[in-house]
Amino acid sequence: MKKQRGLKESLRKTIVSLKRKPQTIPLLVLAAAFLVYSLNLTHISDTTAKIQLSGMGLSGFCTMLFSLLSFVCFLNAYPHRKKTNIPMLALVFVMLGILIFCDTYYAARIIEATTRENHPIVVDANTAYIPKALSVLGLHRMIVAIGGTLTALVPVLRKLLRRIDTSLPVEEKVEMKELHLSDEA
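Because the structure is predicted, anything quoted here is derived from the model rather than measured.

Undergrad: Tell me about the environment of Leu 168, residues and numbers included.
TA: One can find Leu 168 in the loop between α7 (154–162) and α8 (172–184). Sequence-wise, Leu 168 and Glu 9 are 159 residues apart; in three dimensions their C-alpha atoms are separated by 9.4 Å. Not counting residues within four places of it along the chain, the set of residues in contact with Leu 168 comprises Glu 9 and Arg 12.

See below:
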């Protein structure tokens, strides 16, 4: 019973903090996108080394660079206790667009290398990392797009979160005893 109350209280505190800073939701989604890409970077790097088409290495580098820079711009777009910094927010959207473009370009190079007529790259047990890299790129694009959409919807999220009642229930009997005692003194 005590664990259930503790869980409810921690959930209430989480919702209260999200009500104060709804931009935390898209930030966490973008952090998840960064983790998905960076934790699977071995597959991306092995694919780049195997296929070696033009722009693949640059595309992978730009994805890592703009992932980190988009975090910095995102944090500067929503400064503490100040209005939203619109130029930084615009930079975030530009960088998210670049991320999606780089992932799409890289995926197109993989498809081009595996389906070309002259000496296509054969996917077998030794090159099983190539389809994994392709699926990571697709997942990364999807998560970045969701993060961008949530970033655009921060004002709507703020309004929706404000509708959630996070006030604590007050016990009337305790309140009344304290009121009677304070009136008599």
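Undergrad: Report on the pattern of salt bridges, specifying residues and quantitative values.
TA: Under the definition given, this model contains two salt bridges. Here Arg 12 ties to Glu 9 by a salt bridge, and the two come within 2.9 Å at their closest N and O atoms. Placement of the pair is Arg 12 and Glu 9 together in helix α1 (residues 2–20), with a separation of three residues, close to one helical turn. A relative accessible area of 27% means that Glu 9 is categorised as partly exposed. In this structure, the salt-bridge partner of Arg 109 is Glu 112, at a minimum N-O distance of 2.9 Å. Taken together, the residues Arg 109 and Glu 112, both in helix α5 (residues 86–115) and three residues apart, mark about one turn of the helix. Here Glu 112 falls in the partly exposed class, since its relative accessible area comes to 36%.

Undergrad: Kindly report on the nonpolar core, identifying the contributing residues and their values.
TA: Counting 39 residues, the largest nonpolar core has Ile 44, Ile 51, Ile 110 and Leu 137 as the members making the most contacts within it. Broken down by secondary-structure element, the contributors of at least two residues to this core are α2 (24–39), α3 (41–51), α4 (56–77), α5, α6 (129–152) and α7. Counting residues per element, this core draws most heavily on α5, which supplies ten residues. Contact partners of Ile 110, with chain neighbours within four places excluded, come to Thr 47, Ile 51, Met 56, Ile 130, Ala 133, Leu 134 and Leu 137.

Calculation criteria
- Residues numbered from 1 in each chain as written.
- Predicted model: local features only at pLDDT ≥ 70, side-chain atom pairs only at ≥ 80, totals over all residues.
- Heavy atoms only, no water.
- Helix = DSSP H or I, 4+ residues; strand = E, 2+ residues; numbered from the N terminus.
- Contact = heavy atoms within 4.5 Å.
- Salt bridge = Lys/Arg side-chain N within 4 Å of Asp/Glu carboxyl O.
- Buried < 20%, exposed > 50% of the residue type's maximum accessible area, 1.4 Å probe, protein only.
- Core = buried A, V, L, I, M, F, W, Y, C linked by side-chain atoms within 4.5 Å.

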